[in-house]
Amino acid sequence: MNASGAGWQGQTGGGSFGIRAVTFMVKNFGASFVYFFMAFAIPFYVLSKNGGRRDIWGFYRRRMGFGRWKSFRSLWGCYYCFGKVVIDKFASYGGATEGYSVDIDAHASAVQGEIHASEDGAIITSAHVGNLEALGTLFSQHDKECYCTVYSGEREDILEKRAEALGTNHIHLVPVPLGGGAEYIFEINNALDEGGVVLMMSDRMTEGARGIWCSLFGKEVEMPAAAFAMSVKMDVPLYTAFVMRTGYCRYKVIWEKIDFPDRDSADKDRIVARAEEFCRRLEDIVRKYPLQWFNFYDFWRENSHE
């Protein structure tokens, strides 16, 4: 998290010591033990100037339309839910996955089967809601090589643990420079040409990134164009995936294909249509799971707070 009103910085706190500590406690005492003590740290994050509380408050008040009391409860609930997700991630990095589960219903399973059965490449896009990494660390797959773009501004020790945990399921990390640079594009192109699956997040703009303006929660916001543009340029199918926390150590996969009969349309129109559909699905997910919106900065750059 970063200072309220500033842009997203692309870094997770905690480090390798935090991962080892959480792993030890989850393995020996259970996740609920760690959740309990984590709750006492929440006020420090909420009250910290770097905690993004004004931006989360503004999200619930202006974008979700909540009243003051519901916004207040949702703000604290969001931080607590975020803490649980971070603990779950750290536990999975350290191999403490016993007791965790991922539910995949018949529809999501059919979508997954379609991706794995195809000899062609595919792009999966998502956002910073829920815990998408649960799909990679808790659900085993060996049918496809997957390539997940991650921002190179992340802590090195965190990246190493993520790579180690995800690598067992044939998932490879592709660093994306925060300050620009397109070298990673060649690796993604090669992966798609070879029938691999590429996962790209589509809800946080970085310096030098190409963006598309879309409506999200009733206000225009610039979203990264990479996943939508590449799906059109490379002529590969595009899917959305969200993994939402539904209970104690339990997650649910929501997997859909973005499928438009628009091959005769201009590339620009096809790209915009895909971005708009992604934003529609993202808004639906967040409205259903409002405490799992984890963007602790001025997402819409509104700069004024109630």
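The present account deals with the structure reproduced in this document.

Parameters at a glance
- Within each chain, residue numbers correspond to sequence positions counted from 1 in written order.
- At least 70 in pLDDT is required for a residue's local features to be given in this predicted model, at least 80 for side-chain atom pairs to be given and counted, and no such filter applies to totals for whole chains, interfaces and linings, which use all residues.
- Excluded from the side-chain calculation are hydrogens and water; included are all heavy atoms of the structure.
- Between the N-to-C directions of two axes lies an angle of 0 to 180 degrees, each axis being a line fitted to C-alpha atoms and, for a helix, fitted only over the stretch in contact.
- Put simply, DSSP marks the helices as runs of H or I at least four residues long and the strands as runs of E at least two long, and each gets a number from the N terminus on.
- Angle categories are assigned with fixed cut-offs, so that under 35 degrees is roughly parallel, over 145 is roughly antiparallel, 65 to 115 is roughly perpendicular, and the rest are oblique.
- In this scheme the handedness of a crossing depends on how the near helix is turned from the far one: anticlockwise by less than a right angle means left-handed, clockwise means right-handed.
- Every residue pair with non-hydrogen atoms within 4.5 Å of one another is taken to be in contact.
- Residue polarity follows a fixed list, in which Ala, Val, Leu, Ile, Met, Phe, Trp, Tyr, Cys and Pro are nonpolar, Asp, Glu, Lys and Arg are charged, and the others, Gly among them, are polar.
- Paired strands, as defined in this entry, are two strands with at least two bridges between them according to DSSP.

**Describing the packing of helix 10 (residues 226-233) against helix 11 (residues 267-288)**
Packed helix pairs are characterised by how far apart their axes lie and by the angle those axes make with each other. At their nearest, the axes of helix 10 and helix 11 sit 9 Å apart, and the two run at 135° to each other. In terms of their interaxial angle, helix 10 and helix 11 are classed as oblique. Pair helix 10 / helix 11 crosses with right-handed handedness. The segment helix 10 lies against helix 11, with F228, A229, S231, V232 and K233 engaging D267, R270, I271, R274, A275 and F278. Partitioned by chemical class, the residues of the contact of helix 10 with helix 11 number 6 nonpolar, 1 polar and 4 charged.

**A word on the sheet that holds strand 8 (residues 238-247)**
Within a sheet, neighbouring strands are paired by backbone hydrogen bonds and run either parallel or antiparallel to one another. The sheet built from 7 strands is open, its strands ordered 1-9-8-2-5-3-4 with mixed pairing. Each end of this open sheet is capped by a strand with a single partner; those strands are strand 1 (101-103) and strand 4 (171-176). Between one strand axis and the next, the sheet turns by 30° as a mean value, whatever way the strands run. As judged from the 3 bridges shared by strand 2 (residues 122-126) and strand 8, these two strands associate in the parallel manner. By the bridge assignment, I124 is partnered in strand 8 with Y239. Relative to strand 2, helix 10 is tilted by about 165°, and along the sheet it contacts strand 2, strand 5 (197-201) and strand 8.

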